[in-house]
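Remarks on the overall topology
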Amino acid sequence: MPGVRKPKDMSEMDIDKATTLIPVCTGAKNLSEFINTCDIAVKSVDKNNLPLLIKIINSKLAGNALEATKYRDTEKWEDIKSILKGAFEHRASERTLTIGLNFARMEENESVTSFASRVEELYYNLCTEGSKDMSEEESKVYKKQLKNQALIIFVNGLPKHLKLALKARDPKTLETAMQFAKDEEMEHNANLQMEKLTKNMKNQNLKGNNNTSGNNVNQNNNNQNFNRDQSVGRALYPLERHVYR
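Points about helix H3 (residues 50–59)
Along H3, the residues that are buried comprise Leu-53, Ile-54, Ile-56 and Ile-57. When H3 is viewed along its axis, its buried side chains cluster within an angular range of 160° and face the same direction. Opposite its buried face, H3 presents the exposed residues Pro-51, Lys-55 and Ser-59, each directed more than 90 degrees away. Where the residues of H3 are buried, they touch helix H1 (15–21), helix H2 (31–44) and helix H5 (77–88).

Listed below in structure tokens is the structure:
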């Protein structure tokens, strides 16, 4: 009926209650509880409150969890969950992760964004696995050294044209190097597209010129044939008059 207010869904969770329920996540230790609680909250709150809830979820990240998501796209819960699972739910040993990072190379037809994500994931997983038995101070030193190593590996793993461009720009952090590489890739692709467009235009112009030349040749041939026919006609005409006189 008009004017009758639709009753509120009793299963809907209040945003304040969701904020209270979501625990702080520092990494692998309490990851499962954090993900399960956030899953419930995301499904239960009003859709209009989702953007606010995502901000609250991001504010609950600390320690290694914050480090893993700091420079990533975290505007959607599924993206946050994927990053955290990739960083902390793994079975690879420290040795396997080290080998994977040391031999990381950008593959053919792979984008810089995809390669950067692979390097980031290996780096964060290695941070977690390699520092789990360290003190807080030792962990900080280890992660700093590992990040510098990841920066060098990332730059050297790029194709030659991107590697040279980045070395000229001399990025000081892994995040800066990744952003520079994305910018250089975009500019390189734009230049390739422009070259392709220019080449196509030249080919079209050349084709047009060839067609024009062909038409001129045909016209000249037609004119020559016409003139020859006229000459033959003039030569035959007096003979015909002589025959019928």
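From this point, things continue past the structure.
Considering the layout of surface pockets
Gaps left between atoms show up when a probe the size of a water molecule is rolled over them. Within this model, the largest pocket holds a volume of roughly 270 Å³. Elements with a contribution of two residues or more to the lining of the largest pocket: H5, helix H7 (112–130) and helix H10 (174–243). For the lining of the largest pocket, the class distribution of residues is four nonpolar, three polar and six charged.

Quick notes on the packing of H5 against H7
It is the contact of H5 with H7, at a shortest axis distance of 7 Å, that shows an interaxial angle of 55°. By the angle between their directions, the pair H5 and H7 is classed as oblique. Only Glu-121, Tyr-124, Asn-125 and Thr-128 of H7 make contact with H5, whose side of the interface consists of Gly-86, Ala-87 and Phe-88. The residue inventory of the contact of H5 with H7, partitioned by class, reads three nonpolar, three polar and one charged.

Definitions and cut-offs
Residues numbered from 1 in each chain as written. Predicted model: local features only at pLDDT ≥ 70, side-chain atom pairs only at ≥ 80, totals over all residues. Heavy atoms only, no water. Buried < 20%, exposed > 50% of the residue type's maximum accessible area, 1.4 Å probe, protein only. Helix = DSSP H or I, 4+ residues; strand = E, 2+ residues; numbered from the N terminus. Arc of directions from axis to C-beta. Contact = heavy atoms within 4.5 Å. 1 Å grid on protein atoms, 1.4 Å probe; cavity = no way out; pocket = protein on both sides within 12 Å on 5 of 7 lines; lining within 4 Å. Points joined across faces, edges and corners; volume = space filled by probe spheres on them. Nonpolar A, V, L, I, M, F, W, Y, C, P; charged D, E, K, R; others polar. Axes fitted to C-alpha atoms, helices over the stretch in contact; angles between N-to-C directions. Parallel < 35°, antiparallel > 145°, perpendicular 65-115°, else oblique.

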